[in-house]
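One-letter residues, chain by chain:
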Amino acid sequence: MITAIVLIHADTDRIPEVAESLADLDGVSEVFSVTGEFDIVAIVRVHEHEELAQVIPGRVNKVDGVQSTETHIAFRTYSKHDLEAAFSLGIDS
C-alpha cells in the first residue's frame with residue numbers, strides 16, 4: 001500500500017464542502033480540516049505509484065474549491081500500536 005499525504009489550500013468559505021467532496025473520492029481514505037498554513041489534509045492510499053497520478057492530479061486537484069496541493073509520499077507507516085511496541089520496556093502496566 002502506498003500512502004500519500006496531500007496538503008491542500010482551499011477556498012476558505014468552502015472548506016467543509018471541499019473536504020466532503022474529497023472524502024468521497026476513490027483513493028482518498030481520510031480528510032482533515034486543519035489549522036496552520038494549509039486548510040485540508042487528505043490521506044491517499046493506493047496499491048501502485050501510477051494510481052497516485054489518477055487520484056491526486058486526476059481527482060483531488062479537480063475538486064471545485066481546491067486552489068493548490070502539496071504532496072508527500074510516505075516511506076513507512078507507523079501506527080500508535082507500532083510505536084508503543086518499539087519503545088516498550090517490557091514492563092506490564
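First things first, this report covers the structure right here in the doc. Here the residue index of a chain counts from 1 through its sequence in written order. In keeping with the predicted nature of the model, local features appear solely for residues at pLDDT of at least 70, side-chain atom pairs appear and are counted solely at 80 or more, and the whole-chain, interface and lining totals rest on all residues. Side-chain numbers here rest on the full set of heavy atoms in the structure, without hydrogens or water.

1. Some words on the overall build of the protein
- Each helix corresponds to a stretch of at least 4 residues labelled H or I by DSSP, and each strand to a stretch of at least 2 residues labelled E; elements are numbered beginning at the N terminus. Within the protein, the secondary structure is distributed over three helices and four strands.
- Reading the protein from its N end, one meets helices and strands in the order β-α-β-β-α-β-α.
- Looking at the 93 residues of the protein, the share that counts as buried comes to 30%. A 1.4 Å probe rolled over the protein chains alone gives each residue an accessible area, and that area as a share of the maximum for its type sets the label: buried under 20%, exposed over 50%, partly exposed in between.

2. Brief notes about the pattern of salt bridges
- For salt bridges, the criterion is a side-chain nitrogen of Lys or Arg within 4 Å of an Asp or Glu carboxyl oxygen. Here the structure, examined in full by the defined rule, presents two salt bridges.
- As a salt-bridge pair, Arg14 and Asp64 come within 3.3 Å of each other at their nearest N and O atoms. With Arg14 in the loop between strand S1 (2-10) and helix H1 (15-23) and Asp64 in the loop between helix H2 (49-55) and strand S4 (66-73), this residue pair connects regions lying 50 residues apart in the sequence.
- You can call Arg14 partly exposed: its relative accessible area is 26%.
- Its salt-bridge partner being Glu30, residue Arg45 comes within 2.5 Å of it at the nearest N-O pair. Residue Arg45 is found in strand S3 (residues 40-46), and its partner Glu30 is found in strand S2 (residues 28-33); the two are separated by 15 residues along the sequence.

3. Examining the sheet that holds S2
- What the four strands build is an open sheet, ordered S2-S3-S1-S4; its pairing is antiparallel. The open sheet has two edge strands with one neighbour each: S2 and S4. In this sheet, neighbouring strand axes are inclined to one another by 20° on average, regardless of whether the strands run parallel or antiparallel.
- Every residue pair with non-hydrogen atoms within 4.5 Å of one another is taken to be in contact. Note on geometry: axes are lines fitted to C-alpha atoms, helical ones only across the stretch in contact, with angles between N-to-C directions running from 0 to 180 degrees. Across the sheet, H1 lies against S1, S2, S3 and S4, angled at about 165° from S2, the strand it touches most. Pairing between strands is defined by DSSP: at least two bridges between the two strands are required.

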